[in-house]
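Observations on the three-dimensional arrangement
One-letter residues, chain by chain:
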Amino acid sequence: MRKSDEPPVLLVRWYEVVKWLLERVESFPKNQRFIFGQRVADAALDIMDLLVEAAYRKEKREVLVRANLRLERLRWLLRLARERNLLTARQQEFIAEQFLECGKMLGGWIKASAA
Amino acid sequence: MARSFGGLWERITSLENLFAAAEEAMQGKRRTGAAARYFARWEEECVRLRLALRDGSWRHGPYTYFTISDPKERVVAAATFRDRVAHHALVRVLEPLLDPTLVEDTFACRRGKGTHAAMARAREYARRYPYFLKCDIRKYFPSIPHAVLAAQVAGRVREATVRGMIGEILASHADAEEQVWPGDDCGFVNVEVEGGEGRSCGWFRLHSRAEGFTA
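**Focus: the overall build of chain A**
A count of helices and strands for chain A gives 4 helices and 0 strands. The secondary structure elements of chain A, listed N-terminal to C-terminal, are α-α-α-α. Relative to the globule expectation of 13 Å for 115 residues, the C-alpha radius of gyration of chain A, 15 Å, shows essentially globular dimensions. The principal-axis extents of the C-alpha atoms in chain A amount to approximately 45 × 25 × 20 Å. Out of the 115 residues in chain A, the part that is buried amounts to 46%. Sequence separation of at least 24 residues holds for 74% of the intrachain contacts in chain A that already meet a minimum separation of 6. With 22 positive and 16 negative side-chain charges, chain A shows a spacing of 3 Å between the two charge centroids.

Shown next as structure tokens:
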């Protein structure tokens, strides 16, 4: 079991992903940055908020499920970004792997908090 | 000796190639069943496929068999969607290398070829020569011996990883079609044609069990 005073690995991990995503959004072309980019950034930050909340809360499950839903929404946003060539091949590769791993960890956390 | 190629595995298993392969496999089918389900998990599936390919755990799945009767009766083997993505990933890299090495007069499964181009070519030849041979190799594709094909592939592809993937796909399906020609002892058919404009002579190796299959 995870000690309650230690920030979950997923949160730290996601923090890095958010940092990376915000940098990418900044380099979106101007016409994409404010509408599309804004939503990507918002979704990523929302997930971080939810993860922080979950880390310091007894009843985690509901918050984590919401985070999972946000993650799925973000996946679709980034799929669009990829198909519209807002990300380079290397960037797509990196973010796809990050999402897969974070998704797995989040799924695991949800399961662990179900009991 | 034909050129052989290396450095293909890296290209085949790159996520960029897999994304594009998935896109090709979904071409025109995004709104339907299997492709739509795959679409919703696109990136995840591609990352998983890459991991499986790279650590050697990738296995080809089973086929769904069904029969069509137009234009003629034949059994179609449909692979699962994720296998089709793997096929595209392989072909995306191999096709541009191998296709130019094929003789110009082969028309099946090639870009810019097909039945109509084949007919145009046949017409052209029919006008040029006074005689022609009409022949069909019965169940040609199902009767290609896999061992011989694998050996020919090995001559063109250096990496064991790529050969392994091709081998896995080949092994996923086998038709027990064999070309047996009664009375065939030399494996060669000598076709001599004497026409109005002189004499043309050609050796056609149609079948040779001793030496394997070369067309």
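**A word on the interface of chain B and chain A**
Counting from both sides, the interface comprises 14 residues of chain B and, opposite them, 12 residues of chain A. Together, the buried faces of chain B and chain A total about 1300 Å²; carbon and sulfur atoms form 56% of this surface. Three residues stand out in chain B for area buried against chain A, namely Phe19, Glu43 and Val47 of chain B, and they jointly supply 34% of the buried area on that side. Here chain B and chain A share 4 salt bridges between them. For Arg50 of chain B, the salt bridge is made with Glu97 of chain A, and the minimal N-O distance between the two is 2.1 Å. Here chain B and chain A share 6 residue pairs in polar contact (both at pLDDT 80 or more) between them. Among the elements of the structure, α2 (15-26), α3 (33-40) and α4 (42-54) of chain B are those that each provide at least two residues to the side of chain B that touches chain A. Top contributing element to the side of chain B that touches chain A by residue count: α4 of chain B, with 6 residues. Partitioning the side of chain B that touches chain A into residue classes produces 6 nonpolar, no polar and 8 charged.

**Focus: the pattern of salt bridges**
Scanning all chains against the criterion turns up 23 salt bridges over all chains. Arg50 of chain B is the salt-bridge partner of Glu93 of chain A, the closest N and O atoms lying 2.7 Å from each other. A residue pair is termed interchain when its members come from two chains, as with Glu93 of chain A in helix α4 (residues 89-114) and Arg50 of chain B in helix α4. Comparing Glu93 of chain A with Arg50 of chain B shows no difference in burial state: the two are buried.

**Structural notes on the environment of Leu8 of chain B**
All names here are of chain B. With respect to the helices, strands and loops of the structure, Leu8 is situated in helix α1 (residues 8-12). Since its relative accessible area comes to 1%, Leu8 is described here as buried. Separated by 149 residues in sequence, Leu8 and Val157 have C-alpha atoms that sit 8.3 Å apart. For Leu8, the residues in contact, after removing those within four places along its chain, are Val93, Leu94, Leu97, Val157, Glu159 and Val162.

**Here we look at α3 of chain B**
Along α3 of chain B, the positions that sit buried rather than exposed are Ala35, Tyr38 and Phe39 of chain B. Projected down its long axis, α3 of chain B carries its buried residues within an arc of 105°, all on one side.

**Side note on the state of the cysteines**
All names here are of chain B. On inspection of all chains with the given rule, the structure shows 0 disulfides over all chains. Distance from the sulfur of Cys109, which forms no disulfide, to the nearest cysteine sulfur (Cys135) is 19 Å. What makes Cys135 exposed here is its relative accessible area of 53%.

**Digging into the packing of α2 of chain B against helix α5 (residues 81-98) of chain B**
All names here are of chain B. Relative orientation of the contacting elements α2 and α5 amounts to 115°, with a least axis distance of 8 Å. Note on packing geometry: the crossing formed by α2 with α5 is right-handed. Contact residues: α2 offers Asn17, Leu18, Ala20, Ala21, Ala22, Glu24, Ala25 and Met26, while α5 offers Phe81, Val85, His88, Ala89, Arg92 and Val93.

**A short note on the packing of aromatic side chains**
Residues and elements named next belong to chain A. The final tally for this structure, using the stated rule, is 9 aromatic pairs over all chains. Centre to centre, the rings of Trp14 and Phe99 are 5.7 Å apart; their planes meet at 45°, and the pair counts as tilted. Residue Trp14 is located in helix α1 (residues 9-26), and its partner Phe99 is located in helix α4; the two are separated by 85 residues in the primary sequence. Like Phe99, Trp14 is buried.

**With respect to the pairing of strand β2 (residues 74-79) of chain B**
As defined by bridge partners, strand β1 (residues 63-68) of chain B adjoins β2 of chain B across 6 bridges and the pair is classed as antiparallel. By the bridge assignment for β2 of chain B, Thr67 of chain B is matched with Val75 of chain B.

What counts and how
- Residues numbered from 1 in each chain as written.
- Chains lettered and ligands numbered in written order.
- Predicted model: local features only at pLDDT ≥ 70, side-chain atom pairs only at ≥ 80, totals over all residues.
- Heavy atoms only, no water.
- Helix = DSSP H or I, 4+ residues; strand = E, 2+ residues; numbered from the N terminus.
- Rg over C-alpha atoms; globule rule 2.2 N^0.38 Å.
- Buried < 20%, exposed > 50% of the residue type's maximum accessible area, 1.4 Å probe, protein only.
- Contact = heavy atoms within 4.5 Å.
- Lys, Arg positive; Asp, Glu negative; His and termini not counted.
- Charge placed at Lys NZ, Arg CZ, Asp CG, Glu CD.
- Buried area = accessible area lost by both parts, 1.4 Å probe.
- Salt bridge = Lys/Arg side-chain N within 4 Å of Asp/Glu carboxyl O.
- Polar contact = N/O pair within 3.5 Å; in protein donor to acceptor, adjacent residues only side chain to side chain.
- Nonpolar A, V, L, I, M, F, W, Y, C, P; charged D, E, K, R; others polar.
- Arc of directions from axis to C-beta.
- Disulfide = S-S within 2.5 Å.
- Axes fitted to C-alpha atoms, helices over the stretch in contact; angles between N-to-C directions.
- Left-handed = near helix turned anticlockwise from the far one by under 90°.
- Phe/Tyr/Trp six-rings, centres within 6.5 Å; stacked < 30°, edge-to-face > 60°.
- Pairing = 2+ DSSP bridges.

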